[in-house]
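# Report on the structure
Listed below are the residues making up each chain.
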Amino acid sequence: MRIQVVPVDAFATIASDTITHYFSAEQDVRICFTSGKTPTGTYAEMVRRHQAGEVNAGKVHAFTLDEYAGIAKTHPRSCFQSLSQHLYSGLEWPTHQLLTYDDSLSLSDAADAYERMVVEAGGFELSILGIGLNGHVGFNEPGTPFDSRTHVPKLAETTMQRAHAEGWDDAPTIGLTLGIGTLMESKHVMLMANGRHKADIIARIVNGDISEDIPATAFRDHPDSLLLLDEEAASRL
Ligand code: GLP
């Protein structure tokens, strides 16, 4: 895993440069996008580049990383809606370029069908991943096996606290997520973290043992992964 530390105000531009590189592919390209606060500045920059005619998003198939279970993808707090709001609508992607969990299926069928869709498509050229305060990636919470495929996890206490702190009192207690094993098959992985509140977990990810207790450490063994940090998230390294 390569580690790149950048100034706070350069974070969105530098992350966008990687994404732009994949947007420029001449063939269809499959990209997994995380929701969350970490990439919102980056996604705004991608929308700006699209509006300025600087990128061509026509070859991209956009896959949602994870989702709260038991809610429709149109639910205002769904990960899909968050991605639509911050990225997909600004890029004017038609619905056939947007792939996510089928909310009309049972949860385990939705996980299995999504896993099949990803694998049969050939996996991701690029996965853009955030990191939770407990080191989770997607909804792969601490203790998730590194060879996990797309599944239906119970959400960790810290993940629930975060949803409650954001005013979502009856947030689902389970989710849907691409597995660590599924994501490890991505050709390139860009893990992103910004802000001082991520500094402790980043120090553990970089300097601690590789362990299923901290899911993001799996990517230290990925052949082409980047941990992109702003100076605040890197302040305890
Ligand atoms: C959430 C999401 C993850 C996200 C992570 C970090 O629980 N399920 O996909 O990457 O937590 O979120 P944030 O970027 O807001 O810190």
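All values reported here derive from a predicted model rather than from experimental measurement.

Taking 1.5 Å of rise per residue, the 13 residues of helix α3 (residues 79–91) would be expected to cover 18 Å, and the 17 Å separating its terminal C-alpha atoms lies within 8% of that figure. When we look at burial in α3, the residues that qualify are Cys79, Phe80, Leu83, Ser84, Leu87, Tyr88, Gly90 and Leu91. Just beyond α3, the residue with positive phi is Glu92, at close to 60°.

Considering all chains together, one arrives at 11 aromatic pairs under this definition. Judged by centre distance (5.9 Å) and plane angle (75°), the ring pair of Phe33 and Tyr43 falls under edge-to-face. Here Phe33, found in strand β2 (residues 29–33), pairs with Tyr43, found in helix α2 (residues 40–51); they are 10 residues apart in sequence, far enough to count as distant. The exposure class assigned to Phe33 is buried, which follows from its relative accessible area of 1%. The buried category is assigned to Tyr43, whose relative accessible area is 2%. Seen from their ring centres, Phe33 and Trp93 are 6.0 Å apart, and the 50° between their planes marks the pair as tilted. A residue pair is termed long-range when its members are at least 10 positions apart, and Phe33 in strand β2 and Trp93 in the loop between α3 and β5 (98–99) qualify at 60 residues. A residue is classified by how much of its surface remains accessible, and Trp93, at 8% relative accessible area, is buried. Through a chain of ring-to-ring contacts, three or more aromatic side chains come together here, namely Phe23, Phe33, Tyr43, Phe80, Tyr88 and Trp93. The lysine or arginine in question, Lys73, covers the ring of Phe80, its NZ or CZ lying 4.9 Å from the ring centre.

If you check the shell around the ligand, you find 13 residues, and the closest are Lys37, Thr38, Asp66, Arg162 and Lys198. Lys37 is positioned such that a nitrogen or oxygen atom in its backbone is 2.7 Å from an oxygen atom of the ligand. Note that a nitrogen atom of the ligand is positioned 2.6 Å from one of the side-chain N or O atoms of Asp66. Protein contacts shield 93% of the accessible area of the ligand, which totals 390 Å² for the unbound molecule. Across the shell around the ligand, the residue classes break down as three nonpolar, six polar and four charged.

A few words now on the packing of helix α1 (residues 11–23) against α2. In the contact formed by α1 and α2, the axes pass within 8 Å of each other and the chain directions differ by 55°. Taken together, α1 and α2 sit at an angle that is classed as oblique. Viewed along their axes, α1 and α2 form a crossing whose handedness is right-handed. Where α1 approaches α2, its residues Phe11, Ala12, Thr13, Ala15, Ser16, Asp17, Ile19, Thr20 and Phe23 are matched on the opposing element by Gly41, Thr42, Glu45, Met46 and Arg49.

A separate point is the pairing of strand β9 (residues 225–230). By the criterion of burial, β9 is predominantly enclosed, with six of the six residues buried. Burial of β9 is two-sided: the residues Ser225, Leu227 and Leu229 facing one way and the residues Leu226, Leu228 and Asp230 facing the other way are all buried. Sheet analysis places strand β1 (residues 2–6) next to β9, joined by five bridges and oriented parallel. The residue of β9 that forms the bridge with Arg2 is Leu226. Between the parallel elements strand β8 (residues 188–193) and β9, the chain passes through helix α7 (residues 199–207) in a crossover that is right-handed.

It is worth spelling out the environment of Glu67 at this point. Take Glu67: it is sitting in strand β4 (residues 66–68). Glu67 sits in the buried class, given a relative accessible area of 4%. A sequence separation of 111 residues divides Glu67 from Leu178, and the C-alpha atoms of the two residues are 9.4 Å apart. Those residues within four positions of Glu67 in sequence are excluded, and the remaining contacts are Ser78, Cys79, Phe80, Tyr101, Phe139, Gly175 and Leu176. Of note is the side chain of Glu67, whose polar atom sits 2.8 Å from the backbone nitrogen of Cys79. Within the structure, Glu67 has its side chain in polar contact with the backbone nitrogen of Phe80 (distance 3.0 Å).

Rules of the game
Residues numbered from 1 in each chain as written. Predicted model: local features only at pLDDT ≥ 70, side-chain atom pairs only at ≥ 80, totals over all residues. Heavy atoms only, no water. Helix = DSSP H or I, 4+ residues; strand = E, 2+ residues; numbered from the N terminus. Expected span 1.5 Å × (residues − 1). Buried < 20%, exposed > 50% of the residue type's maximum accessible area, 1.4 Å probe, protein only. Phe/Tyr/Trp six-rings, centres within 6.5 Å; stacked < 30°, edge-to-face > 60°. Lys NZ or Arg CZ within 6 Å of the ring centre and 35° of its normal. Near = heavy atom within 4 Å. Polar contact = N/O pair within 3.5 Å; in protein donor to acceptor, adjacent residues only side chain to side chain. Areas by Shrake-Rupley, 256 points an atom, 1.4 Å probe, with all protein chains shown as cover. Nonpolar A, V, L, I, M, F, W, Y, C, P; charged D, E, K, R; others polar. Axes fitted to C-alpha atoms, helices over the stretch in contact; angles between N-to-C directions. Parallel < 35°, antiparallel > 145°, perpendicular 65-115°, else oblique. Left-handed = near helix turned anticlockwise from the far one by under 90°. Contact = heavy atoms within 4.5 Å. Pairing = 2+ DSSP bridges. Right-handed = clockwise from strand over helix to strand, strands pointing away.

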